[in-house]
Every structure is written in structure tokens, then in C-alpha cells.
Amino acid sequence: MTEFEKLQAIIADVLNVSPETITPDTTFVDDLGADSLDIFQIIMGIEEDFDIEIDNEEAEKITTVQDAVDQIQKKKANE
């Protein structure tokens, strides 16, 4: 399972949407209707599943699924 596929599963679970509807260009707020609590839950899921820590400043910059993938890859590269 790729990082993107794992992320799709996290997002789909938190927002109760089909993973197939989630693409790298999908925005959390505009496309998926996520609110700040949803985004917080997604970030928590990312931190847990990928064993990384995303600080608040970095989390605020995540607006699309690709932003989240980039953040995961950046954190993994710095381990």
C-alpha cells in the first residue's frame, strides 16, 4: 500500500467518503467539506499511521491531499 493509498483510507474513514473520490488534487475543505475538527482527526491519523509528528504550523499549510503526501514524505526523509 502506497503512502497515498494509506492516506486515502484515513481520509475516507474520518470523512465517511469513498476512497475512489480522493485524488492528489482533492482539497479537504472545498472538495470534501472537512471542518477544522475533521482536519485535526486526519492529521492525528496521519501521525499515528505513519509514525511521524506534524507541528501545527505545518498542518495549517495542508490544504490538498498532495500537500499531506508531501508532508509525510518530507517527515519520512528526515528520519
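Scoring rules and cut-offs
Residues numbered from 1 in each chain as written. Predicted model: local features only at pLDDT ≥ 70, side-chain atom pairs only at ≥ 80, totals over all residues. Heavy atoms only, no water. UniProt positions renumbered as here; feature names shortened; annotations may be inferred. Helix = DSSP H or I, 4+ residues; strand = E, 2+ residues; numbered from the N terminus. Phe/Tyr/Trp six-rings, centres within 6.5 Å; stacked < 30°, edge-to-face > 60°. Lys NZ or Arg CZ within 6 Å of the ring centre and 35° of its normal. Axes fitted to C-alpha atoms, helices over the stretch in contact; angles between N-to-C directions. Parallel < 35°, antiparallel > 145°, perpendicular 65-115°, else oblique. Left-handed = near helix turned anticlockwise from the far one by under 90°. Contact = heavy atoms within 4.5 Å. Nonpolar A, V, L, I, M, F, W, Y, C, P; charged D, E, K, R; others polar.

- By the naming in an unreviewed UniProt entry, the chain goes by Acyl carrier protein and is assigned to Mediterraneibacter faecis.
- The record in UniProt for the chain states the following under Sequence similarities (unreviewed entry): "Belongs to the acyl carrier protein (ACP) family."
- Entered under Function (unreviewed entry) in the UniProt record, the comment concerning the chain runs "Carrier of the growing fatty acid chain in fatty acid biosynthesis."

### A look at the UniProt feature "modified residue: O-(pantetheine 4'-phosphoryl)serine" (unreviewed entry) in the chain
Next up, step 1: UniProt's entry tags S36 with the feature "modified residue: O-(pantetheine 4'-phosphoryl)serine" (unreviewed entry), counted in the numbering of this structure.
Next up, step 2: With respect to the helices, strands and loops of the structure, S36 is situated in helix α2 (residues 36-50).

### Some thoughts on the packing of aromatic side chains
Next up, step 1: Taken as a whole and assessed by the stated rule, the structure comprises zero aromatic pairs.
Next up, step 2: The lysine or arginine in question, K6, covers the ring of F50, its NZ or CZ lying 4.5 Å from the ring centre.

### Details of the UniProt feature "domain: Carrier" (unreviewed entry) in the chain
Next up, step 1: UniProt's feature table lists "domain: Carrier" (unreviewed entry) at residues 1-76, given in the numbering used throughout.
Next up, step 2: In this annotation, residues 1-76 is assigned 59% helix and 0% strand; the end-to-end C-alpha distance for the span is 16 Å.

### Side note on the packing of helix α1 (residues 3-15) against α2
Think of two packed helices as two axes; the pair is described by the angle between the axes and how far apart they sit.
Next up, step 1: It is the contact of α1 with α2, at a shortest axis distance of 9 Å, that shows an interaxial angle of 140°. On the basis of the axis angle, α1 is oblique to α2. Note on packing geometry: the crossing formed by α1 with α2 is right-handed. Between α1, through E3, K6, L7, I10, I11, V14 and L15, and α2, the contact on the second element is made entirely by D38, Q41, I42, G45, I46, D49 and F50.
Next up, step 2: Taken together, the residues of the contact of α1 with α2 break down into eight nonpolar, two polar and four charged.

### Quick word on the packing of α1 against helix α4 (residues 65-77)
Next up, step 1: Relative orientation of the contacting elements α1 and α4 amounts to 125°, with a least axis distance of 10 Å. On the basis of their axis angle, the class for α1 and α4 is oblique. As for the relative orientation of α1 and α4, their crossing is right-handed in sense. On the side of α1, the interface is formed by E3, F4, L7 and I11, while α4 contributes V65, A68, V69, I72, Q73 and K76.
Next up, step 2: Grouping the amino acids of the contact of α1 with α4 by side-chain chemistry returns seven nonpolar, one polar and two charged.

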